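Notes for the structure review
So the chains spell out like this:
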Amino acid sequence: MATATRLHTVPAQPHCVLGVFVPAGVHQPDIQRRQLDHLAQAGADLFEIGLPYANPALDGRLIRSAYHRALVKRDVIDRTVGAVAHAASLRPTVVMTYWEPVLRHGPEHLARLFAEAGAAGMMVVNLPRDETLRWHRAARAAGLSTPHLVPRATADADLRTAVDGASGWLYASASTGPTGYRGPLDLPALDAFAQRLRAASQLPVVSGVGISSPVLAAHVAPLVDAVVIGTRSSGLCCRTRPRPPP
């Protein structure tokens, strides 16, 4: 199980690490545990567990549908805690969430809850700038890393502010569209952005969103430290294309 202080060492490997995103609470707990077991056995190096939310603005149809199915079943927090606890028993695990659920349940409470379940970090994908300090304090008090999702459109003048206080890693989406995007990727633009992030921070760079095939994963892998895929793409593995040494 990873701790926050060494979460950044997970993607800092000689090969491109494979992360798998799993929305919590869609299936019954026993089925969710078997799903996570299968993904770990298939080669997942880390898990991102999505906390269901009714208005996931950055997500596409598939994740929105999954979150809706989970929310209908209620007990979302308990189901997500259970998924995190099992995932963390298998691989280092990060919770993916939006700010509204964090605010509604209380940053301090939610951070402690997931830390106690074994999470190594929590990434709030739409963290408001004026709430950043509060969230960082709550997460670090609980022992969680705070990865940042940094939009590709972030100007150079704002980049250091965008990465300030981040820990664990920086997340650079492979596509500028929502999750579930299945079109071509602008790989030169992603590469340039990853280089900009590395110039602004020593944290590893993780990429996901739009990596919809093994071919795309192989092309993205040399550009970043970890590739994250959705559960429908669980057969992908980026280890076949090791990241070149710096």
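Not measured: the values here are computed from a predicted model.

Along the protein chain, the regular secondary structure elements total nine helices and eight strands. Classification of the 246 residues of the protein chain by burial places 54% in the buried group.

What follows concerns the pattern of salt bridges. Enumeration according to the criterion identifies five salt bridges in this entry. Between Asp-156 and Arg-196 there is a salt bridge whose closest N-O contact spans 2.8 Å. In this pair, Asp-156 sits in helix α7 (residues 156-163) while Arg-196 sits in helix α8 (residues 187-200), placing the two residues 40 residues apart along the sequence. In this structure Arg-196 comes out as partly exposed when scored by relative accessible area, which is 24%.

Looking now at the sheet that holds strand β6 (residues 170-171). Spatially, β4-β3-β2-β1-β8-β7-β6-β5 is the arrangement adopted by the eight strands of the open sheet, whose pairing is parallel. Because the sheet does not close on itself, it has two edges, and the strands there are β4 (121-124) and β5 (148-149). The strands touched by helix α3 (residues 76-90) are β2 (46-50) and β3 (93-97); relative to β2, the strand with the most contacts, the crossing angle is about 175°.

Of note, Thr-80 is situated in helix α3. Not counting residues up to four positions away in its chain, the partners in contact with Thr-80 are Ala-24, Ile-49, Leu-51, Pro-52 and Phe-114.

Looking now at the packing of aromatic side chains. Tallying each qualifying case throughout the model produces one aromatic pair. Geometrically, the ring pair formed by Tyr-53 and Tyr-98 is tilted, given 5.3 Å between the ring centres and 35° between the ring planes. Of this pair, Tyr-53 sits in the loop between β2 and α2 (61-72) while Tyr-98 sits in the loop between β3 and α4 (99-105); the two residues are 45 residues apart in sequence, bridging distant segments of the chain. Across this residue pair, the class does not change: Tyr-53 and Tyr-98 are buried.

Attention now moves to the packing of helix α1 (residues 29-42) against α3. Packing of α1 against α3 leaves a shortest axis separation of 10 Å and a crossing angle of 30°. Relative to α3, the element α1 is oriented roughly parallel. Relative to α3, α1 is oriented so that their crossing is right-handed. Across the interface between the two elements, Pro-29, Gln-32, Arg-33, Leu-36, Asp-37 and Ala-40 of α1 pack against Arg-79, Ala-83, His-86, Ala-87 and Leu-90 of α3. Here the residues of the contact of α1 with α3 are counted per class, giving six nonpolar, two polar and three charged.

A separate point is unusual backbone geometry. Comment: phi is negative for the bulk of residues other than glycine, and the bulk of peptide bonds are trans. The phi angle at Arg-74 is positive, at roughly 65°, despite the residue not being glycine. Mapping Arg-74 onto the fold places it in the loop between α2 and α3. Non-glycine residue Val-209 carries a positive phi angle of around 75°.

With that settled, the discussion passes to the nonpolar core. The nonpolar side chains of a soluble globular protein tend to be buried with one another. Counting residues in hydrophobic clusters, the biggest one holds 57 residues, and the most contacted among them are Phe-47, Ile-49, Phe-114, Trp-135, Leu-197, Ile-211 and Val-227. At six residues, α3 tops the list of elements feeding residues into this core. Beyond its immediate sequence surroundings of up to four residues, Ile-49 is in contact with Val-22, Ala-24, Leu-36, Thr-80, Ala-83, Val-84, Ala-87, Thr-93, Val-94, Val-95 and Met-96.

What counts, and at which threshold
Residues numbered from 1 in each chain as written. Predicted model: local features only at pLDDT ≥ 70, side-chain atom pairs only at ≥ 80, totals over all residues. Heavy atoms only, no water. Helix = DSSP H or I, 4+ residues; strand = E, 2+ residues; numbered from the N terminus. Buried < 20%, exposed > 50% of the residue type's maximum accessible area, 1.4 Å probe, protein only. Salt bridge = Lys/Arg side-chain N within 4 Å of Asp/Glu carboxyl O. Pairing = 2+ DSSP bridges. Contact = heavy atoms within 4.5 Å. Axes fitted to C-alpha atoms, helices over the stretch in contact; angles between N-to-C directions. Phe/Tyr/Trp six-rings, centres within 6.5 Å; stacked < 30°, edge-to-face > 60°. Parallel < 35°, antiparallel > 145°, perpendicular 65-115°, else oblique. Left-handed = near helix turned anticlockwise from the far one by under 90°. Nonpolar A, V, L, I, M, F, W, Y, C, P; charged D, E, K, R; others polar. Core = buried A, V, L, I, M, F, W, Y, C linked by side-chain atoms within 4.5 Å.

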